[in-house]
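# Structural description and commentary
Below are the chains, spelled out letter by letter.
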2 protein chains.
Amino acid sequence: MTESLAPFFSPTGVAIIGASQDPRKLSHGILKNMLRYGFQGGIYPVNPKADQILGLTAYPDVGVVPDPVDLAVVVLPAPLTPEILRACGERGIKAAIIISGGFKEVGGAGVALEKECLQIAQGYQMRLVGPNCVGTMDLYTGLNSTFVEGVPTRGSIGFVSQSGAVCGGVVDLIGDKGIGFSHFASLGNELDVNETDVIAYFGAHPQVKVIAAYVEAIEHGQRFIEVVSQVSQEKPVVLLKAGRTNAGAKAVSSHTGSLAGSYAAYQTAFKQAGVIEVEDLSALFDVAWALSCQPLPKDNQVVILTNSGGPAALAADTLATHGFTLAEITPEKQSQLAEKLNPSAQVANPVDMLGGAEAHDFEHCLNVLGDQPSIDVFIPMLVPQSLVDPADIARAVVENSKTIDKTILACMVGEQSISEARAILHANKIPMSTYPEVPGKVLGAMRTYRQWRQRSQTGPFVFSNLEKDRVAEILAQTEQRVLTEAESRPIMAAYGLNLVPGQIATNHDEALAIAEELGYPVALKIFSPHILHKSDLGGIALNLNSAEALKTALQRMVATITTAAPQAEISGFLVQKMAPKGMEVIVGMKRDSTFGPLMMFGLGGVYVELFKDIGFGIVPLTPSQALEMVASTKAGQLLQGYRSKVVYDLHAVVDTIGRLSQLALDHPRIAEVEVNPLLVLPEGEGTLVLDARMIFSEN
Amino acid sequence: MTESLAPFFSPTGVAIIGASQDPRKLSHGILKNMLRYGFQGGIYPVNPKADQILGLTAYPDVGVVPDPVDLAVVVLPAPLTPEILRACGERGIKAAIIISGGFKEVGGAGVALEKECLQIAQGYQMRLVGPNCVGTMDLYTGLNSTFVEGVPTRGSIGFVSQSGAVCGGVVDLIGDKGIGFSHFASLGNELDVNETDVIAYFGAHPQVKVIAAYVEAIEHGQRFIEVVSQVSQEKPVVLLKAGRTNAGAKAVSSHTGSLAGSYAAYQTAFKQAGVIEVEDLSALFDVAWALSCQPLPKDNQVVILTNSGGPAALAADTLATHGFTLAEITPEKQSQLAEKLNPSAQVANPVDMLGGAEAHDFEHCLNVLGDQPSIDVFIPMLVPQSLVDPADIARAVVENSKTIDKTILACMVGEQSISEARAILHANKIPMSTYPEVPGKVLGAMRTYRQWRQRSQTGPFVFSNLEKDRVAEILAQTEQRVLTEAESRPIMAAYGLNLVPGQIATNHDEALAIAEELGYPVALKIFSPHILHKSDLGGIALNLNSAEALKTALQRMVATITTAAPQAEISGFLVQKMAPKGMEVIVGMKRDSTFGPLMMFGLGGVYVELFKDIGFGIVPLTPSQALEMVASTKAGQLLQGYRSKVVYDLHAVVDTIGRLSQLALDHPRIAEVEVNPLLVLPEGEGTLVLDARMIFSEN
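Since the model is a prediction, treat every value here as computed from it, not as a measurement.

With that settled, consider the overall build of chain A. In terms of helices and strands, chain A carries 23 helices and 31 strands. If you line up chain A on its principal axes, its C-alpha atoms span 95 × 75 × 45 Å. In chain A, which comprises 699 residues, the share counted as buried stands at 56%. When contacts within chain A are restricted to residue pairs at least 6 apart in sequence, those whose partners lie at least 24 apart make up 72%.

Following this line, the structure appears as structure tokens:
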């Protein structure tokens, strides 16, 4: 499947359609870049008004371009694109990059134009990148279909970006820092090829070790999770998402015309797919670079080797924030360190060799500590001093790390004086940062990835007692869009959820009879299609101990509701057995426009909204994913017996989440489910649905 | 008071004691720096083995250095320092910078040496900077007593740092970025002059507009708050604290020998003093620079003017995270924008002028929108393109912002191609960042500062009914270190806290009699000096409705406790009237080693620890500060009627915090107080202490 993308990076020949002789035109820049980086295939400018451009023969149209050619780069006004694509198709070209803008992002006619282009391409089984993009680079084949100035260093990061500007900006920002890339792909409006396709391509490509992605919106969420969780099992996928906030999403939407689902769903998808999400552009490449050249830390024990205490303290703070600790150095090793360092040096961790520390001091420390099994990471740090050459330190670090099988991240706090040192370190695959806060952030990301790779995986949920057809039947007969608790009970029951025993009464006498049968105490709840939030309107009475109490409560309820909501029709009353003691939680499902059914779990009552303490999961979920979704919340901690209180039935909560997931999968018409509260009983005693509601989409 | 610091920055003459002829020595570097930046006062190397150094007459000892001289820079081994200081004192020198290390940071003899130096200096009324520091710079007088290579641009940021390496690193990192500084001060071990002194000095200095500080530990916390809250009323104080985590604090302690108090106390102190705390070194200068050259944003409405959508989306996310929104641009103004921009440009906000945007496009946008009162901030953004010169854009932004009275922060996503543009922008006091996430963070800090300046301030708490002497008497008679609820009741009562009516019984009959008098229902609590966590051991029984129930509970309690804690002596039983319904919170006080009494407020029960939802305040507190401390928590939101539940007596909570603060101020022997739970009744009905304990320090 990823083969069809090969011509975008290693084509046999490239037609640049609309290539201009005018050096001020972008298409001219593209041709220049095609010539500049050693691309060995055919390069064919297509321009009916020129014979030669930049020394190359120009062709009047793509139909007469000679073999070999399998990629077209289109740089002509949007309205001409359909015609060009058709000509490319006729010529047998199977891949086209549409650089031009003026499509979906301008709305109206642009949207229609995109549709037309896609239809044409599909007719010829042609893949499209763009429109509204800056093209692709392959640092190995020398293909460069962009007009970006310069290229980054060759290495093993494959970078895919929806935004062309981010591609260009990145080359400018870090092009001289020695961070190694294998591919660049700017996808623009993603009419055909999207980030999932490119991630799959990079996943299968031997020169890519790490995938970095800048993403604004994902269109096919389920496919993204499916593909990326496979790829990230082998190669880390580091991702920066724009449009995390409403303002950002609005900016994205006006930019590419894409509409993003909720960020909570994105975050959940990233987590489930093993994606390492970062918060900003600098972290994207700091993390990708470290992953592409250093081993993952085995555990969280770090040693800082420094010539200055302040920056080491700042580094230590960020390390701690990301779950790393300063390793204990044994007294023996401390003595060994002290033997050759400045007598005032600190030989505990951080090892502070003082301002004048030189290359041999770093060498000494690495030699003494390099083989300690209790150390997982070394951070050599330097604040440049007038009498010490940072390049010497860099060389010492490189030389003396060669036999050390641990993660090494260097930090030199400077800009003007450390570029040679950085070049040495980066050429030898030791990442170097200039701010002391970076190593902790990078290690945190590496650790998250390691934990994901090592996570325990279980098979899918298996349920024996689901009555799928029964629910389909109920849904077929239901005309309402909203089901209250009483109405959703049969559906819940059909999927094996435990309900508090109870029945619906339509009058006083029925209510008393039901209560008599259930046994006191009972709970009384209003049953009205017009009342969703029963407690707000006085529609719930609990702990009714006697027939007397039930009667009084019923009268009061009717009186309160007819005053508070005179328009609400009272269909009856749900009389339930009072539930035993337990912990109240919420389990819900809502369909996300991008990723499909999104399960939610949180504390019951007012706390879930107050503390925003919610665990999310995208369906389908495995039992271990559902467990993680619960365990990630404070509510999950409480369920597990926080501070030696009761331990609740976590397993039953996971089972409930699984059953509701299956319900969502089986019945796409169910748009939302909220079980609130779900009562969790002590370990081994299960859960009880105390209240619930459902919302259906239009038939 | 700040006058005594003047010689550290604008001395009349400087003796460099230990100045070497050897270019590889730091002392030689200092002398070179003294000569390099236009310092007009006397410069006197002191070295008995030389006649001349770097063309200056060298003196054999400081006693023979001619006038004028009022600053000594000491660069000799630590053990010689006392003698040198005495000689300086005799010579009439009133300020000395001790560059050398080998003092407190090496422990033992170093600590004693520091004490000796301080005593000598005090004898001569001499101020000391250091030891273990890199000295000072004044970018206006040209004084440079450091051995750091290079100096930053002249401007109006005064920077004080405990770490010398951070000073040196900063010069290296940002020395070429055009960020303007007035002073640098590295304080090292802070034997005498500390960051509070320097902040006060900068506060009074006309050339300083913004103060930036790197702090590891503060010694006199109360003085820091007092001085800095005065200064920050006039000038922003931006601060980076190292040692925020345990690991960081350990690193700090091994670095300077300082022991820091808790970070929660530091954070609280910073907030109360109006300090703008930042999280990393880059933010320290991004924020300080923006504050030193741009007006504070009037409100939170931002317009992004960009040539690229992706980076604008990333910027919009960070803006939203920091409380800013993209301003609505009116349809009229949108039409005006469209008149001269690329027809495909987006004229909503972000205004995306597309990749080819040139200087005149930025000019056009600033002219159309510059006077809109609904806009508070402009962010011109650029991703450099091959056909547009960023310097032209920079010039256009500079020219067209001159008449715009709004906050302007530029962003150019690049490194190699934007240095000229940055130089132009920075020379014209428009800060420019290279990552799109920066403007949001910077604006967030500016807004926090603006809000602090505009905060409503109330006078101090005034209480009429505090029986200070009564409590002093009780304390004098108390020999225990820990008081249980029953024992602390008289102290609480003397400070006007409301207690649930109740009395101590020593046997069954007394308990029944007390309950009879109070009226049922009652609560029963064990009274034992050995039991602090009563509920964990079954030492609390609630809602006892009758004499029968009380009797049973009492028997069960004794049985449970004698089994669970056989060593615990049972002194009696506290019989209390059952409290009415209310919300349970915790109010506590703990003395911090740095800042003194630290008040705490949070949700009652298990939630306070689970959610770490705690508001802190350092005593003395004003009522408005106590209110803010409560309102900053989720518990505070619940008290104020979150989701239209009951509104509780917030005022009474503030009053309770005030009374406990006063108790802590009046009686330093009280080391800790915990009222847990404090029952908050509905509005107007006050609070009730339900349980409490106190811990005293040794007499």
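Still to come is the rest of the account.
Glancing now at the domain arrangement of chain A. Residues and elements named next belong to chain A. With domains assigned, chain A is organised as domain 1 (1-132), domain 2 (148-293), domain 3 (294-453), domain 4 (501-577) and domain 5 (583-696). Taken over C-alpha atoms, the centre of domain 1 sits 24 Å from the centre of domain 2. Elements that contribute at least two residues to the side of domain 1 that touches domain 2 include exactly α3 (109-123) and β7 (127-129). The biggest single contributor to the side of domain 1 that touches domain 2 is α3, with four residues. Of the residues in the side of domain 1 that touches domain 2, the class split is twelve nonpolar, four polar and four charged.

Glancing now at the interface of chain B and chain A. Contacts between the two partners involve 78 residues from chain B, matched on the other side by 76 residues from chain A. Listing elements by their share of the side of chain B that touches chain A, those giving two or more residues are α4 (164-174), α7 (246-256), α9 (281-293), α10 (309-321), β15 (325-326), α20 (607-611) and α22 (634-639) of chain B. The biggest single contributor to the side of chain B that touches chain A is α10 of chain B, with eleven residues. Looking at the side of chain B that touches chain A, its residues break down into 33 nonpolar, 30 polar and 15 charged.

The subject of this paragraph is the nonpolar core. Grouped together as the largest cluster of nonpolar side chains are 441 residues, with contacts concentrated most on Ile16 of chain A together with Ile16 of chain B. In contact with Ile16 of chain B, other than residues within four places in its own chain, are Ser27, Ile30, Leu31, Met34, Tyr44, Pro45, Val46, Val73 and Val75 of chain B.

So, on to unusual backbone geometry. With omega at 0°, the peptide bond leading from Tyr520 of chain A into Pro521 of chain A counts as cis. As for its position among the elements, Pro521 of chain A is in the loop between α18 (508-518) and β23 (522-527). Positive phi, close to 60°, is recorded for Lys429 of chain B, a residue that is not glycine. Mapped onto the secondary structure, Lys429 of chain B falls in the loop between α14 (419-427) and β20 (432-433).

A few words on the environment of Ala559 of chain A. Inspection of the secondary structure puts Ala559 of chain A in helix α19 (residues 547-564). Its 11 C-beta neighbours within 10 Å are what place Ala559 of chain A among the exposed residues.

Turning our eyes to something else, we now look at the sheet that holds strand β9 (residues 153-161) of chain A. What links the strands of a sheet is backbone hydrogen bonding, and the strands pair in either a parallel or an antiparallel sense. All names here are of chain A. Taken in spatial order, the six strands of this open sheet run β8-β10-β9-β11-β12-β13, and their pairing is mixed. Each edge of the open sheet is held by one strand with a lone partner, namely β8 (135-138) and β13 (276-278). Strand-to-strand twist in this sheet, taken as the mean axis angle between neighbours without regard to direction, amounts to 25°. Across five bridges, the pairing between β9 and strand β11 (residues 210-215) is parallel. What sits directly across from Val160, in β11, is Ala213.

When helix α21 (residues 623-631) of chain B is considered as a whole, its buried residues turn out to be Gln625, Ala626, Leu627, Met629 and Val630 of chain B. Buried residues along α21 of chain B sit against α8 (263-272), β27 (596-603), β28 (614-618), α22 and α23 (650-666) of chain B.

Right, let's talk about the pairing of β23 of chain A for a bit. All names here are of chain A. Counting buried positions along β23 yields six of six residues, so the element is predominantly enclosed. Burial along β23 is two-sided: Val522, Leu524 and Ile526 and Ala523, Lys525 and Phe527, pointing in opposite directions, are all buried. Pairing between β23 and strand β24 (residues 540-544): three bridges, direction antiparallel. Residue pairing for β24: Lys525 is matched across the bridge by Ile540.

Criteria and thresholds
- Residues numbered from 1 in each chain as written.
- Chains lettered and ligands numbered in written order.
- Predicted model: local features only at pLDDT ≥ 70, side-chain atom pairs only at ≥ 80, totals over all residues.
- Helix = DSSP H or I, 4+ residues; strand = E, 2+ residues; numbered from the N terminus.
- Buried ≥ 20, exposed ≤ 12 C-beta atoms within 10 Å, placed from the backbone.
- Contact = placed C-beta atoms within 7 Å.
- Domains from an automatic or database assignment.
- Nonpolar A, V, L, I, M, F, W, Y, C, P; charged D, E, K, R; others polar.
- Core = buried A, V, L, I, M, F, W, Y, C linked by C-beta atoms within 7 Å.
- Pairing = 2+ DSSP bridges.
- Axes fitted to C-alpha atoms, helices over the stretch in contact; angles between N-to-C directions.

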